[in-house]
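# Working through the structure, step by step
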Amino acid sequence: MFGAFRPTNPLSGGLLWKIPWRLSKFQKARQRKRLRAVDSLVATLDKALTKQSITTKAVERWKEEMPIEQEMVPKDKYTIFDRKEKKYRKSIRKLPKWTRVSQRVNPPGY
Amino acid sequence: MLSRTIRRSILDSRIPTSALPPTFLLPNRARYFNSTVQHVDAPSESLDASLLATNTSAEAPETVAPVRRPIRPKVPLPPAPISSPMALDASVKEMLPLLAAQPSHYISAHIHAKPYLVTAGDTVRLPFHMPGVVPGDILRLNRASSLGSRDYTLKGTPYLDERVFECRARVMGTEAEPMRTKEKKKRRNRRINTVKSKHKFTILKIAEIKINSLEDIEGSGESV
Amino acid sequence: MSYFRITLTRSGIGMPKRTQGVLKALGLRHRMTTVFYPVTPEVAGQIMRVKELVTVQEVDKPLTKSEVRAERRPDPGFYLESAAPRG
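Because the structure is a prediction, the values reported are computed rather than measured. (Residues numbered from 1 in each chain as written. Chains lettered and ligands numbered in written order. Predicted model: local features only at pLDDT ≥ 70, side-chain atom pairs only at ≥ 80, totals over all residues.)

## Looking at the overall build of chain C
To keep it simple, the criterion reads: Helix and strand assignments follow DSSP, with helices taken as H or I runs no shorter than four residues and strands as E runs no shorter than two, numbered in order from the N terminus. Here the C-beta atoms are placed from the backbone, and a residue counts as buried if at least 20 other C-beta atoms lie within 10 Å of its own, exposed if 12 or fewer do, and partly exposed otherwise. By the criterion used throughout, residues are in contact when their C-beta atoms, derived from the backbone, lie within 7 Å.
Counting its secondary structure elements, chain C contains three helices and four strands. Secondary structure of chain C in N-to-C order comes out as β-α-β-α-β-α-β. Looking at chain C residue by residue over its 87 residues, the buried ones come to 24%. In chain C, the share of contacts with a sequence separation of at least 24, taken over all contacts with a separation of at least 6, comes to 74%.

Below, the structure written as structure tokens:
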């Protein structure tokens, strides 16, 4: 009954999820760093293009749609919308290749 | 029989000091002078690189076809003097004579971006064999991240200006590690390959650490 | 005429084929390769496709491969002041 191998809820199931659902403070810091890196890259592109008075659709669209890291709320930085989750939110680390893709905006209201 | 050995031992102890070999041949010193001939690569090229370049240009019209790349000297040649005036901080100007007045100094000299924290008289075994140098060569170390004494430290950002100090090192020779053997074997195969390696390491002795006075630093800046 | 200096810092392994194709088109075969391209809308669009994987700087002149390598080589930190006689 008691002891190291007592039948608790996670052990009695077939699967044992050991991945914590939230990011550690270091992971969050690195996530912010990655977001800022993308921001600075877009800023560099924009500066170089405006010098030659060229506009590019991809850059313009990014600037219009995507918030920069400082404008984002913490909820959007570290979690994403998922319709199957209990509170419609799951950790951003569940997103495949989450360190190498940009995922900044979520459905309004969620 | 016994008396003879005793007599000899007495005689041995009375050997005059003049009969002893000079100190530089004592085993602990003689280690630095390798008895075997050292393999040194192309010393003349590295020394007279500028002279060599002029020679090849003079001979160039005769042999047209082979385009030869400029020979890269194995030992870095003295850099061109820095013409820009040195911008020393007021606090550095104030404290530099105090640092120079201290009895002994240490320096964190960087050779190939690796720091060596040394003081005058130290022996450094570099972790590599420096090509193109022979024992007796004097190297000038011109890249340092910090320079200090017991009470003061001058730190570089990240490196100190090389006109502030003079640091010289003498090449003492090379040292070799014991032969290493490693057996290489693949699975499901009886063949064993034995790899041998024996590396050489250059030994330096820090001959001098000097801090230039403010007049010297500023004087050299003006003359250039 | 200014140029983009593009360095691949994150690998494209596991990314969609389209993304990997963009890297290949830019000539970025493995991490820490550096390429130079003039500032044009086409190159800017390509960079936007792989913006999470690369770092970009705007430079005036493209460097050759050997110059990029020489940038990375640290200073030797010494030079031969006086040579001993050699036989």
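## Brief notes about the overall build of chain B
Per the secondary structure count, chain B includes six helices and ten strands. Put simply, chain B has 224 residues, and 15% of those count as buried. Summarising the internal contacts of chain B: among those between residues at least 6 apart in sequence, 75% fall at separations of at least 24.

## A few points about the nonpolar core
Formally: To define a nonpolar core, we join buried Ala, Val, Leu, Ile, Met, Phe, Trp, Tyr and Cys residues through C-beta atoms within 7 Å and take the resulting set.
Core analysis: the largest hydrophobic core is formed by 26 residues, its most contacted members being B:I107, B:A109, B:L139, B:L141, B:A144, B:F165 and B:C167. Of all elements in the fold, only β1 (106-111), β4 (138-141), β5 (144-148), β7 (165-176) and β10 (200-211) of chain B together with β4 (78-82) of chain C reach the threshold of two or more residues within this core. Discounting residues that sit within four places of it in the chain, B:A109 has contacts with B:Y116, B:V118, B:L141, B:R143, B:A144, B:C167 and C:G77. Counting 20 residues, the second largest nonpolar core, distinct from the first, contains A:V59, C:L26, C:V43 and C:A44.

## Quick look at the sheet that holds strand β3 (residues 123-125) of chain B
For clarity, the cut-off: Pairing between two strands is assigned when DSSP locates at least 2 bridges connecting them. Geometry is summarised by axes, namely lines fitted to C-alpha atoms with helices restricted to the contacting stretch, and by angles between N-to-C directions that run from 0 to 180 degrees.
Strand order in the open sheet formed by five strands is β3(B)-β10(B)-β7(B)-β4(B)-β4(C), and the pairing between neighbours is antiparallel. Unpaired on one side and paired on the other, β3 of chain B together with β4 of chain C mark the two borders of the sheet. Pairwise comparison of adjacent strand axes, ignoring direction, gives a mean angle of 35° for this sheet. As judged from the four bridges shared by β4(B) and β4(C), these two strands associate in the antiparallel manner.

## With respect to unusual backbone geometry
Residue B:P158 is bonded to the preceding B:T157 through a cis peptide linkage, with omega at -10°. With respect to the secondary-structure elements, B:P158 resides in the loop between β6 (153-155) and β7. With phi around 60°, A:Y88 is a residue other than glycine that occupies positive phi space. Here A:Y88 is to be found in the loop between β1 (79-81) and β2 (89-91). Looking at A:Y88, the number of C-beta atoms within 10 Å reads 15, which means it is partly exposed. Positive phi, close to 70°, is recorded for B:A113, a residue that is not glycine. The residue B:A113 is located in the loop between β1 and β2 (114-119) in this model.

## A word on the interface of chain A and chain C
Threshold: Residues are grouped as follows: Ala, Val, Leu, Ile, Met, Phe, Trp, Tyr, Cys and Pro are nonpolar; Asp, Glu, Lys and Arg are charged; all remaining types, including Gly, are polar.
Contacts between chain A and chain C engage 19 residues on the former and 18 residues on the latter. Of all the secondary-structure elements, those providing two or more residues to the side of chain A that touches chain C are α2 (25-51) and α3 (57-65) of chain A. At nine residues, α2(A) tops the list of elements feeding residues into the side of chain A that touches chain C. Partitioning the side of chain A that touches chain C into residue classes produces eleven nonpolar, four polar and four charged.

## Describing the sheet that holds β1(B)
All names here are of chain B. If you trace the four strands from one edge of the open sheet to the other, you get β2-β1-β5-β6, paired in antiparallel fashion. Only two strands of the sheet have a single neighbouring strand rather than two, namely β2 and β6. Across the sheet, the axes of successive neighbouring strands diverge by a mean angle of 20°, strand direction being ignored. Where β5 lies against β6, three bridges are found, and the strand directions are antiparallel. What sits directly across from G148, in β6, is T153.

## A closer look at the confidence of the model for chain B
Applicable threshold: pLDDT is defined as a per-residue confidence score from the predictor, taking values between 0 and 100.
Taken as a whole, chain B shows an average pLDDT of 78; of its residues, 66% reach a score of 70 or greater. Counted against residues more than four places away or in other chains, residues 48-64 of chain B, with its pLDDT under 50, gives five contacts.

## Some words on the interface of chain B and chain C
On the chain C side, the residues contacting the 24 residues of chain B number twelve residues. Elements supplying a minimum of two residues to the side of chain B that touches chain C: α3 (43-47), β1 and β4 of chain B. Per-element tally for the side of chain B that touches chain C: the top contributor is β4(B), with four residues. In the side of chain B that touches chain C, the residues fall into 16 nonpolar, four polar and four charged.

## Brief notes about helix α2 (residues 41-49) of chain C
Keep this limit in mind: Note that the arc is defined by the directions from the helix axis to the C-beta atoms.
Of the residues making up α2(C), those classed as buried are C:V43, C:A44, C:Q46 and C:I47. The buried residues of α2(C) occupy one face: seen down the axis, they fall within an arc of 160°.

## A short note on the packing of α2(A) against α3(A)
Residues and elements named next belong to chain A. This is how the line gets drawn: The cut-offs work like this: below 35 degrees is roughly parallel, past 145 is roughly antiparallel, 65 to 115 is roughly perpendicular, and the gaps in between are oblique. Should the near helix be turned counterclockwise from the far one by less than a right angle, the crossing is left-handed, whereas a clockwise turn marks it as right-handed.
Following both chains from N to C, one finds α2 and α3 inclined at 130°, their axes separated by 11 Å at the closest point. With respect to each other, α2 and α3 are oriented oblique. Relative to α3, α2 is oriented so that their crossing is left-handed. Together, V42, L45, D46 and L49 of α2 and V59, W62 and K63 of α3 make up the contact between the two elements. A per-class count over the contact of α2 with α3 returns five nonpolar, no polar and two charged.

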